[in-house]
Amino acid sequence: QVQLVESGGGLVQPGGSLRLSCTASGSFSSIGTMGWYRQDPGKERELVATLTSGGRTDYADSVKGRFTISRDNGKNTVYLQMNSLKVEDTAVYYCLARRSIWDTNHWGQGTQVTVSS
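Presented here is a report on the structure given in the accompanying data block.

Cut-offs and rules
- Residue positions are given per chain, counted from 1 along the sequence in the order it is written.
- Since the coordinates come from a predicted model, pLDDT governs what is reported: local features require at least 70, and pairs of side-chain atoms require 80 or more to be given and counted, while whole-chain, interface and lining totals use all residues.
- Side-chain metrics in this entry use all non-hydrogen atoms of the structure; hydrogen atoms and water are not considered.
- Secondary structure elements follow DSSP: runs of H or I of four or more residues count as helices, runs of E of two or more count as strands, with numbering from the N terminus.
- Using C-alpha atoms as the atom set, the radius of gyration is obtained and then compared with a globule rule of 2.2 Å times the number of residues to the power 0.38.
- Contacts are residue-level and defined by heavy atoms, with any inter-residue pair within 4.5 Å sufficient.
- Accessible surface area values rest on a Shrake-Rupley calculation with a 1.4 Å probe, where residue burial reflects the displayed protein chains alone.
- In summary, the charge assignment counts Lys and Arg as positive and Asp and Glu as negative, without counting His or the chain termini.
- Here the site of a charge means atom NZ of a Lys, CZ of an Arg, CG of an Asp or CD of a Glu.
- Remark: nonpolar core denotes a set of buried residues (Ala, Val, Leu, Ile, Met, Phe, Trp, Tyr, Cys) joined through side-chain atoms within 4.5 Å.
- Note on exposure labels: buried denotes an accessible area under 20% of the residue type's maximum, exposed denotes more than 50%, and partly exposed covers the range between, all computed with a 1.4 Å probe on protein chains only.
- A carboxyl oxygen of Asp or Glu within 4 Å of a side-chain nitrogen of Lys or Arg is what we treat as a salt bridge.

1. Side note on the overall build of the protein
From N to C terminus, the protein includes 0 helices and 11 strands. Listed N to C, the secondary structure of the protein is β-β-β-β-β-β-β-β-β-β-β in terms of helices and strands. Relative to a compact globule of 117 residues, whose C-alpha radius of gyration would be 13 Å, the protein shows 14 Å and is just as compact. Projected onto its principal axes, the C-alpha coordinates of the protein cover approximately 45 × 25 × 20 Å. Contacts in the protein between residues at least 24 apart in sequence constitute 52% of all its contacts with a sequence separation of at least 6. Carbon and sulfur atoms make up 46% of the accessible area of the protein, which totals about 6,200 Å². Computed over 12 positive and 10 negative side-chain charges, the separation of the two mean positions in the protein equals 5 Å.

2. Considering the nonpolar core
In this structure, Trp36, Leu80, Met82 and Tyr93 are the most contacted members of the largest nonpolar core, which totals 28 residues. If you list the elements that add at least two residues to this core, you get strand 1 (2-7), strand 3 (18-26), strand 4 (33-39), strand 5 (46-52), strand 7 (67-72), strand 8 (77-82), strand 9 (91-98) and strand 11 (111-115). Once residues within four sequence positions are removed from consideration, leucine 80 is found in contact with Leu18, Arg19, Leu20, Trp36, Val48, Ala49, Phe67, Thr68, Ile69 and Tyr93.

3. Points about unusual backbone geometry
Here asparagine 76, not a glycine, exhibits a phi torsion of approximately 50 degrees, which is positive. Its place among the elements puts asparagine 76 in the loop between strand 7 and strand 8. Note on asparagine 76: relative accessible area 24%, which makes it partly exposed. For serine 84, which is not glycine, the phi torsion reads 50 degrees and is therefore positive. Residue serine 84 is classed as partly exposed on the basis of its relative accessible area, which comes to 42%.

4. Structural notes on the pattern of salt bridges
Under the counting rule described, the total for this entry stands at 6 salt bridges. Through salt bridges that share partners, Arg38, Glu46, Arg66 and Asp89 make up one connected network.

Have a look at this one:
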């Protein structure tokens, strides 16, 4: 199993920045894909960004140029640097980890990000 612990959410004004962190622990030798999804109440969970151990990134169009995903494989940690935040970025952000293409998705408990003046 994989356990994920997120941190870094909070309240920020439009145009501000936040950095989310997620650290994985548990039974694995490596994690192929780590990333972030977000969800508003009443809506489906949507991709924000993912990053493979090989360095391939995938971003939602809505965050390209504003958000940057990175990871420290030695610490089993993934980061999401969020700049130029907008009100519509408000959501619960969930960390994702998948050990391989055959693994199921493992999720963190979620961290609230609120962008408001």
